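Residues per chain are reported as follows:
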Amino acid sequence: MFSHNWQSLRLDGYAPMNESDTISVQLRNFDISDFDVLTEEMNFNADGFITGYALISSLKATPMVLADLRIEELGMNGDEIGDAEIESLWNNDDKSVDLEANIFKETKRMLYAFGSYYTARDEDNLDFTAVLDSLRLSLLTPLLNGFVSRVQGYGNGTIDIKGSLQQPDINGKVSITDGGCKIGYMNTFYTFNPTLLVDNQTIRFEDMVLVDTLGNKAQVEGEIRHNRFKDFYLDLKLHPRNFLALATSSKDNDTFYGTAIADGLVTIKGPFKDIDL
């Protein structure tokens, strides 16, 4: 048992490598930011205080986690999200772990996730749904690190997660309200309110219009390709009118800088680290 002031962590059992091995974890006001050292290379950190218990078994074979947890003051990368509740139970009839999770901001539920992990199946053992209701888009910042910053806005919609732990299949439709972000290499900030269609290979846009800080607009066509949310590749066309496309100085890039106002057609292609305009 580890304890410090008002927080504690208690572990009982054996490292769950075999089916019969189980470890019990009990937490009280445990500060999850203590684990940031494990994720700092991914530019990701979490905050919050977790209370509850978890039973973990058979990590090497068929991993299973039964839990009843509450996280207060949950935050990611310095952005406070709210309070979270996570509960998972064993369903003996289906040989599944049934999960339900909620994230609340005061009395409003921003995320409701539910579904099952079928432990007896080798394939298609995931069946989860996440319902977003004004969930903060800033949660996506770690995925887009190095390309965008100052992510703002809210997401509303539904995302389904099926397939397997090794090859999850993700499909969803999310509407964005009050969206905005800063494009790093262009040093420009845009607002937008599109609908996103998401799957394992692409993020596609419906009614995507960028608005610059001067109020000028650019209609966006195309998609962002990816490999299960890795190796992102842009394939976009912009149709701007008097649109602020670049606002950099020599401090940003001493070989390519200045202010650019775009009209006509702009194509954007390439991975985040090597974009061709």
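Whatever comes next refers back to the structure up there.
The following paragraphs examine the structure supplied in this document.

Thresholds, definitions, all that
Residues numbered from 1 in each chain as written. Predicted model: local features only at pLDDT ≥ 70, side-chain atom pairs only at ≥ 80, totals over all residues. Heavy atoms only, no water. Helix = DSSP H or I, 4+ residues; strand = E, 2+ residues; numbered from the N terminus. Buried < 20%, exposed > 50% of the residue type's maximum accessible area, 1.4 Å probe, protein only. Polar contact = N/O pair within 3.5 Å; in protein donor to acceptor, adjacent residues only side chain to side chain. Contact = heavy atoms within 4.5 Å. Core = buried A, V, L, I, M, F, W, Y, C linked by side-chain atoms within 4.5 Å. Pairing = 2+ DSSP bridges. Salt bridge = Lys/Arg side-chain N within 4 Å of Asp/Glu carboxyl O. Phe/Tyr/Trp six-rings, centres within 6.5 Å; stacked < 30°, edge-to-face > 60°.

Some details on the side chain of Thr 129
Its location among the elements puts Thr 129 in strand β9 (residues 126–136). A residue is classified by how much of its surface remains accessible, and Thr 129, at 16% relative accessible area, is buried. Of the polar contacts made by the side chain of Thr 129, one reaches the side chain of Asp 160; its length is 3.0 Å. Dropping the residues within four chain positions of it, Thr 129 is found in contact with Tyr 112, Ala 113, Phe 114, Thr 158, Ile 159 and Asp 160.

A word on the nonpolar core
Residues Leu 210, Leu 234 and Leu 238 are the most contacted members of the largest nonpolar core, which totals 55 residues. For Leu 210, the residues in contact, after removing those within four places along its chain, are Tyr 190, Thr 191, Phe 192, Asn 216, Lys 217, Ala 218, Val 220, Leu 238 and Phe 243.

Concerning the pairing of strand β4 (residues 46–57)
Summarising the sheet, strand β3 (residues 22–31) and β4 pair through eight bridges and their orientation is antiparallel. In the sheet register, Ser 24 faces β4, and the bridge partner there is Leu 55. When β4 meets strand β5 (residues 64–76), the two strands line up antiparallel, connected through 11 bridges. Its bridge partner lying in β5, Gly 52 is registered against Leu 69.

Observations regarding the environment of Asp 199
Take Asp 199: it is sitting in the loop between β13 (195–198) and β14 (202–206). A relative accessible area of 16% places Asp 199 in the buried class. Apart from residues lying up to four places away in sequence, Asp 199 is in contact with Ile 170, Asn 171, Arg 204, His 226 and Phe 229. A distance of 2.7 Å separates a polar atom in the side chain of Asp 199 from the backbone nitrogen of Thr 202.

Things to note about the pattern of salt bridges
Evaluated as defined, the whole model comprises 11 salt bridges. When the shortest N-O distance is used, the salt bridge between Asp 133 and Lys 108 registers 3.3 Å. Here Lys 108 lies in strand β8 (residues 108–118) and Asp 133 lies in strand β9, a separation of 25 residues in the sequence. A relative accessible area of 33% means that Asp 133 is categorised as partly exposed. Here Asp 127 and Lys 162 are joined by a salt bridge, their closest N and O atoms 2.6 Å apart.

Some details on the environment of Ser 164
With respect to the helices and strands, the residue Ser 164 is situated in the loop between β10 (148–163) and β11 (168–183). For Ser 164 and Tyr 117, which are 47 residues apart along the polypeptide, the C-alpha to C-alpha distance reads 8.8 Å. One polar contact links the side chain of Ser 164 to the main-chain amide nitrogen of Gln 167, over a distance of 3.0 Å.

Notes on the side chain of Ser 88
Among the secondary structure elements, Ser 88 is positioned in strand β6 (residues 79–91). Within polar-contact distance, the side chain of Ser 88 engages the backbone oxygen of Val 65 at 2.9 Å.

Section: the packing of aromatic side chains
Pairs of aromatic rings are described using the distance from one ring centre to the other and the angle between the two planes. This model, assessed by the stated rule, comprises three aromatic pairs. Relative to Phe 243, the ring of Tyr 190 has its centre 4.8 Å away and its plane inclined at 20 degrees; by these criteria the two rings are stacked. In this pair, Tyr 190 is assigned in strand β12 (residues 188–192) and Phe 243 in strand β18 (residues 243–248), connecting sequence segments 53 residues apart. Residue Tyr 190 is classed as buried on the basis of its relative accessible area of 3%.

Digging into unusual backbone geometry
If you check the backbone angles, Arg 150 has positive phi at about 50 degrees while not being a glycine. With respect to the helices, strands and loops of the structure, Arg 150 is situated in strand β10. Phi is positive for Asn 242, which is not a glycine, with a value near 50 degrees. Mapped onto the secondary structure, Asn 242 falls in the loop between β17 (233–240) and β18.

Some remarks on the pairing of strand β16 (residues 217–225)
Looking at chain direction, β14 and β16 are connected through three bridges and run antiparallel. Paired with Ile 203 across the two strands is Ile 224, which belongs to β16. The pairing of strand β15 (residues 209–211) with β16 spans three bridges and is classified as antiparallel. Note that in β16 the partner of Val 211 across the bridge is Lys 217. Between β15 and β16, which follow one another and run antiparallel, lie five residues, and Gly 215 among them has a positive phi close to 90 degrees. Sheet topology places β16 next to β17; eight bridges connect them, and they run antiparallel. From the neighbouring strand, Glu 223 faces β17, where its bridge partner is Asp 235.

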